[in-house]
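So you can see what is in the structure, the chains are spelled out below.
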Amino acid sequence: YGSAGGEDVFTKIKGMIGDMIAKLEKEAEEDATEKAYCDEEMAKTEAKQSELEDDISKLSAKIDKAAATSAKRKEQVKELQAQLATLAKEQAEMDSIRSEQHADYSKAKSDLELALSGVGKALDVLRDYYGGASALIQDGDFMQQPAKPEQHAAKTGAGQSIIGILEVCENDFSDNLAKEEMAESDAVSEYEKITQENKVAKVTKDQDVKYKTQEFKSLDKDISELSGDKDTLSTELGAVTEYYSKLRERCVAKPESYADRKARREAEINGLKEALQVLEQETAFVQRKHKGGLRGALNF
C-alpha cells in the first residue's frame, strides 16, 4: 500500500469501474431509446392494423349487402320475365280464341242474314199472293176480274198458316242474329278489356325488369370495385401484419422484459458506484496512513 504502484492499481480499478458504469448507463440509454421506439412503432402498427381490419370489415359488409340485393333483384327479374312470358302466351291464346269466335260469328251472321233474306222474300211473295187485291183499277175504272177456275182457287187458310210459320222463323232468325250480335259485342268488350289490362301489366312489368336489371348491374359493378378495394386493403394488412410480427420479435419476444433489464442494470450500476465509493474511501484512508507511516500505523 505504501508504494506508488498501489495507487496506480486503485486508479486503474476505479477507471475500469467508471468505464463499466458509463457502458451500462449508455446501454440503459440505448435500451430506453429502443423501448420508446418499440412502444411508438407497435402502437402505430396496432392502430394501422385495427384501422385496416375495420375498413375491410366495412367493405365486406357493403359487398355482402350489395351481393344479397343483387341476387334478390336478379331473382325478381327472372320471376317478372316468367310472368311476361305467361302473359304473352295467355294473350296469344286469347287472340286465337277471339279470332275463332269472330269467324264463327261472321259465319253465323252471314247464314242468319241469308236465311232472313230468303224468308223475307218468301213472305213477300206469299203475302202478295194470298193477300193480293181481287180487283184491278185501270184508267180510273173498276173492272171485275173473271172468276178463276175452282181447281186453282187460292187456299187462303193454308197460305196464312205458311206465312205464320215463316214469320215465326223470321222472328227466330232475327232473335238469333240479335243474340249472336250481342254475344259478339260482349266478347269484343271482354277481349278489349283484358287486352288493355294485359298491355298495362306488360308495360309495368317491362319497366320493372328494366329498372331492376339496371340496379343489379350497377350493384355488380360496385361489388367489383369494392372487391378490388378490399383486395388492396387485404394486401396492405398482410404487409402490416408481417411487419408487426417482426416488430414483436424485436420488441416483445425476449426472455427478459425491459423492466427486468432496467432493474438489473440499475442494481449493477448502484453496486459498481458503491464499490467505487468504497475504493475511493479506502484509497483516501491508505493515503492518510501512508503519510504517517505504515509501521507507525500498525503499532499504534
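Residues numbered from 1 in each chain as written. Predicted model: local features only at pLDDT ≥ 70, side-chain atom pairs only at ≥ 80, totals over all residues. Heavy atoms only, no water.

A. Expanded view of a negative patch on the surface. Negative charge collects at one region of the surface, where Glu100, Asp104, Glu180 and Glu181 lie side by side. Among the secondary structure elements, those contributing two or more residues to the negative patch are helix H1 (4-130) and helix H2 (156-251). (Patch = residues over 30% accessible without salt bridge, like charges linked within 9 Å, V, L, I, M, F, W, Y side chains within 5 Å. Areas by Shrake-Rupley, 256 points an atom, 1.4 Å probe, with all protein chains shown as cover. Salt bridge = Lys/Arg side-chain N within 4 Å of Asp/Glu carboxyl O. Lys, Arg positive; Asp, Glu negative; His and termini not counted. Charge placed at Lys NZ, Arg CZ, Asp CG, Glu CD. Helix = DSSP H or I, 4+ residues; strand = E, 2+ residues; numbered from the N terminus.)

B. Broad picture of the environment of Glu25. For Glu25, the location among the structural elements is in helix H1. Using a relative accessible area of 38% as the deciding quantity, one classes Glu25 as partly exposed. For the pair Glu25 and Ile269, spaced 244 residues apart in sequence, the C-alpha separation works out to 7.7 Å. If sequence neighbours within four positions are ignored, Glu25 has contacts with Ile269 and Lys273. (Buried < 20%, exposed > 50% of the residue type's maximum accessible area, 1.4 Å probe, protein only. Contact = heavy atoms within 4.5 Å.)

C. Local environment of the state of the cysteines. Going through the model one piece at a time under the given rule, you end up with one disulfide. Each sulfur of the disulfide joining Cys38 and Cys251 lies 1.9 Å from the other. A torsion of -75 degrees about the S-S bond marks the disulfide between Cys38 and Cys251 as left-handed. A residue pair is termed long-range when its members are at least 10 positions apart, and Cys38 in helix H1 and Cys251 in helix H2 qualify at 213 residues. (Disulfide = S-S within 2.5 Å.)

D. Region of the structure containing the side chain of Glu184. Its location among the elements puts Glu184 in helix H2. Within polar-contact distance, the side chain of Glu184 engages the side chain of Arg98 at 3.0 Å. Filtering out sequence-adjacent residues up to four positions away, Glu184 remains in contact with Arg98, Gln101, His102 and Tyr105. (Polar contact = N/O pair within 3.5 Å; in protein donor to acceptor, adjacent residues only side chain to side chain.)

E. A look at the side chain of Thr195. Relative to the helices and strands, Thr195 resides in helix H2. Since its relative accessible area comes to 12%, Thr195 is described here as buried. In this structure the side chain of Thr195 is engaged in a polar contact, spanning 2.7 Å, whose partner is the backbone oxygen of Tyr191. Once you skip the residues sitting within four places of it in the chain, Thr195 turns out to touch Gln91 and Met94.

F. Structural detail: the pattern of salt bridges. Under the criterion given, the structure shown has 15 salt bridges. In this structure, the salt-bridge partner of Lys107 is Asp111, at a minimum N-O distance of 3.2 Å. Of the two residues, Lys107 and Asp111 both sit in helix H1, four residues apart, roughly one turn of that helix. Judged by relative accessible area, which is 55%, Lys107 ranks as exposed. The partner of Glu113 in a salt bridge is Lys109, and the shortest N-O contact between them spans 4.0 Å. With Glu113 and Lys109 both in helix H1 and four residues apart, the pair spans about one turn of that helix. Residue Glu113 is classed as partly exposed on the basis of its relative accessible area, which comes to 37%. Judged by relative accessible area, which is 25%, Lys109 ranks as partly exposed.

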